[in-house]
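Structure assessment
These are the residues of each chain, in order.
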Amino acid sequence: MVLKHFKLLLVGAILSCMIQGCTPDSGQPRPTKGASGDGTNLIVRNIVSAVLPASDTNAQAAQARRSLKMYLKTNSTARNYFESFMPEIERNEKVDQAIKAAIATSGDPRVQAFRQFLSHWHLQWPVVKEGAVGEGGIGFAWYKDLQKFQGGVDARAIIEDRYTLQIILDCNVSPDYNTVEFKNLRFSFGEVKEVRPQPGGGCDIRYNSANGKQFGLKEWNQLKAANWDFSSIGINIISNAPIPNIHQVFD
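Below you will find a few notes about this structure. (Residues numbered from 1 in each chain as written. Predicted model: local features only at pLDDT ≥ 70, side-chain atom pairs only at ≥ 80, totals over all residues. Heavy atoms only, no water.)

Counting residues in hydrophobic clusters, the biggest one holds 36 residues, and the most contacted among them are Ile99, Ile103, Phe114, Phe117, Leu165 and Phe230. For this core, the elements supplying multiple residues, two or more each, are helix H5 (86-105), helix H6 (109-120), strand E1 (138-143), strand E2 (148-159), strand E3 (163-173), strand E4 (180-197) and helix H7 (217-225). In terms of residue count, the dominant contributor to this core is E3 (6 residues). The next biggest cluster of nonpolar side chains, apart from the first, holds 8 residues, and it includes Tyr71, Ala78, Met86 and Ile89. (Core = buried A, V, L, I, M, F, W, Y, C linked by side-chain atoms within 4.5 Å. Buried < 20%, exposed > 50% of the residue type's maximum accessible area, 1.4 Å probe, protein only. Helix = DSSP H or I, 4+ residues; strand = E, 2+ residues; numbered from the N terminus.)

Here it is in structure tokens:
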């Protein structure tokens, strides 16, 4: 399942606009579409809040907000360009909030399992990574032919600094954002064989395919009833054998 956050698209749009030569206006910032100076400031605040919300409190996000605000104030072409995205940004924010609310309150056993997963491994969700734009662990897309949003949520735990366990829960959201329907729940267990940092950045990750396992809600409940003994669902865990650099990839 591919989970893409719409805000990443905005980052690409910023880079695209810069590459295409959106240079600052001469003189003072000009009003946009006939707006007053105060109107321009409001537009800038709305765009910056949508792309880099105040909830992202790390230093890189704060600096990015300041830089983007200055860039938009001095560039009417960029303001007009990004303003055209606002309806879609606002729509996607409503879907985002609907999914979060449903995850927090739904009595669906699949959603309860998702909350148990987060609680047992003390996971922050959605994930806000240092220097990242938007949140990880939630994503969706609008399907016009189906007249619904489709996507899902996921989270990942590291076990014994050697294994990864990912939970994935699919969902649909109605066009009015009032109904969130949860669908397929699945878990993916994998043993990391090696994490090799690359000279240019990033890491090469290799898994031991022989020890991978996919399972569902039934096995999850068995695992919970067995006090998190993975052998109860046919998975053998090696302790005290951590994989170097594993947290560099998955934290």
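One pass over the structure, following the stated rule, counts 9 salt bridges. A salt bridge links Glu181 to Lys183, with the nearest nitrogen and oxygen atoms 3.5 Å apart. Through salt bridges that share partners, Glu194, Arg196, Asp204 and Arg206 make up one connected network. (Salt bridge = Lys/Arg side-chain N within 4 Å of Asp/Glu carboxyl O.)

Counting across every chain of the model gives 14 aromatic pairs. Considering the side-chain rings of Trp142 and Phe149, the 4.7 Å spacing of their centres and the 55° angle between planes classify their relative orientation as tilted. Here Trp142 falls in the partly exposed class, since its relative accessible area comes to 27%. Through pairs of rings, three or more aromatic residues link up here, namely Phe117, Trp121, Phe187, Phe215, Trp220 and Trp228. (Phe/Tyr/Trp six-rings, centres within 6.5 Å; stacked < 30°, edge-to-face > 60°.)

Inspection of the secondary structure puts Asn172 in strand E3. Accessibility expressed as a relative area gives 9% for Asn172, which makes it buried. Those residues within four positions of Asn172 in sequence are excluded, and the remaining contacts are Lys148, Phe149, Gln150, Thr179, Val180, Glu181 and Lys183. (Contact = heavy atoms within 4.5 Å.)

Following the sequence through the fold, Asp154 ends up in strand E2. Salt bridges are absent for the buried Asp154, whose nearest opposite-charge side chain, Arg156, sits at 5.3 Å. Within polar-contact distance, the side chain of Asp154 engages the side chain of Gln166 at 2.8 Å. (Lys, Arg positive; Asp, Glu negative; His and termini not counted. Polar contact = N/O pair within 3.5 Å; in protein donor to acceptor, adjacent residues only side chain to side chain.)

On to unusual backbone geometry, then. Cis geometry is found at the peptide bond from Trp125 to Pro126, where omega equals -10°. One can find Pro126 in the loop between H6 and E1. One non-glycine residue, His122, lies in the positive phi region at around 50°. Locating His122 in the fold gives a position in the loop between H6 and E1. Since its relative accessible area comes to 72%, His122 is described here as exposed. Despite not being glycine, Asn245 has its phi angle at roughly 75°, a positive value.

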